[in-house]
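So the chains spell out like this:
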Amino acid sequence: MTIPLIKESEEVSKQFHGLIESCHFCNKPTKYWHENTNNPVCEKCAPLHKVAELPDYGKKIRANKRKKAKEAAATMQAAWDF
Ligand SMILES: [Zn+2]
């Protein structure tokens with residue numbers, strides 16, 4: 001199994017001042033990512049692992065975004081009730 005990777009764009013690297021994340025598996029610095037779970041994974045580890053082995057940070061981020069949107073909606077509703 002292989003983990004599909006995306007390469008951090010030069011633009012994003014510059015934005016973060018060239019900060020490079022460590023691979024989830026071997027801890028070596030890498031510019032490659034698995035997009036859906038938001039995990040840094042290097043080119044060497046990607047073919048040796050599968051997506052199911054990664055913690056899904058992307059899921060947490062997505063859930064958090066939904067929660068924030070809900071809270072914002074509740075705040076708006078409270079303002080209307082007032
Ligand atoms: Zn690695």
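Coordinates for the structure precede this section.
An account of the accompanying structure is given in this report. (Residues numbered from 1 in each chain as written. Predicted model: local features only at pLDDT ≥ 70, side-chain atom pairs only at ≥ 80, totals over all residues.)

### So, the overall build of the chain
A count of helical and extended segments in the chain gives 2 helices and 5 strands. Across the chain, helices and strands are ordered from the amino to the carboxyl terminus as β-α-β-β-β-β-α. When burial is assessed residue by residue, the chain has 16% of its 82 residues classed as buried. Counting only contacts in the chain whose residues sit at least 6 apart along the sequence, the fraction spanning at least 24 positions is 33%. (Helix = DSSP H or I, 4+ residues; strand = E, 2+ residues; numbered from the N terminus. Buried ≥ 20, exposed ≤ 12 C-beta atoms within 10 Å, placed from the backbone. Contact = placed C-beta atoms within 7 Å.)

### Let's talk about unusual backbone geometry
Outside of glycine, negative phi angles account for most residues, and trans bonds account for most peptide bonds. The phi dihedral of Asn27 falls on the positive side, at around 70 degrees, and the residue is not glycine. Phi at Asn38 takes a positive value of approximately 65 degrees, unusual for a residue other than glycine. One can find Asn38 in the loop between β4 (32-34) and β5 (39-40).

### Regarding the sheet that holds β5
Across the sheet, which stays open at both edges, the 3 strands sit in the order β1-β4-β5 with antiparallel pairing between neighbours. Looking at strand neighbours, the two that pair on one side only are β1 (6-7) and β5, the edges of this open sheet. The pairing of β4 with β5 spans 2 bridges and is classified as antiparallel. Each residue of the ladder has a partner; that of Trp33, found in β5, is Pro40. (Pairing = 2+ DSSP bridges.)

### Here's the deal with the environment of Asn39
Among the secondary structure elements, Asn39 is positioned in strand β5. Judged by C-beta crowding, with 22 C-beta atoms within 10 Å, Asn39 ranks as buried. Along the primary structure Asn39 and His24 are separated by 15 residues, whereas in three dimensions their C-alpha atoms are 6.7 Å apart.

### Describing the nonpolar core
Across soluble globular proteins, nonpolar side chains have a tendency to be buried as a group. Core analysis: the biggest nonpolar cluster contains 7 residues, these being Ile3, Leu5, Tyr32, Trp33, Val41, Cys45 and Ala46. If near-sequence neighbours (up to four positions away) are discounted, Ile3 is found in contact with His34, Val41, Ala46, His49, Lys50 and Val51. (Core = buried A, V, L, I, M, F, W, Y, C linked by C-beta atoms within 7 Å.)

### Things to note about the environment of Asn38
Classification of Asn38 by C-beta neighbours within 10 Å gives partly exposed; the count is 16. Spatially, the C-alpha atoms of Asn38 and Lys60 are 9.9 Å apart, while their sequence positions differ by 22 residues.

### Side note on the environment of Ala46
By the element assignment, Ala46 lies in the loop between β5 and α2 (57-81). The class for Ala46 is buried, based on 20 C-beta atoms found within 10 Å. Taking the C-alpha atoms as reference points, Ala46 and His34, separated by 12 residues in sequence, lie 9.0 Å from one another. The residues contacting Ala46, other than those within four sequence positions of it, are Thr2, Ile3, Leu5 and Val41.

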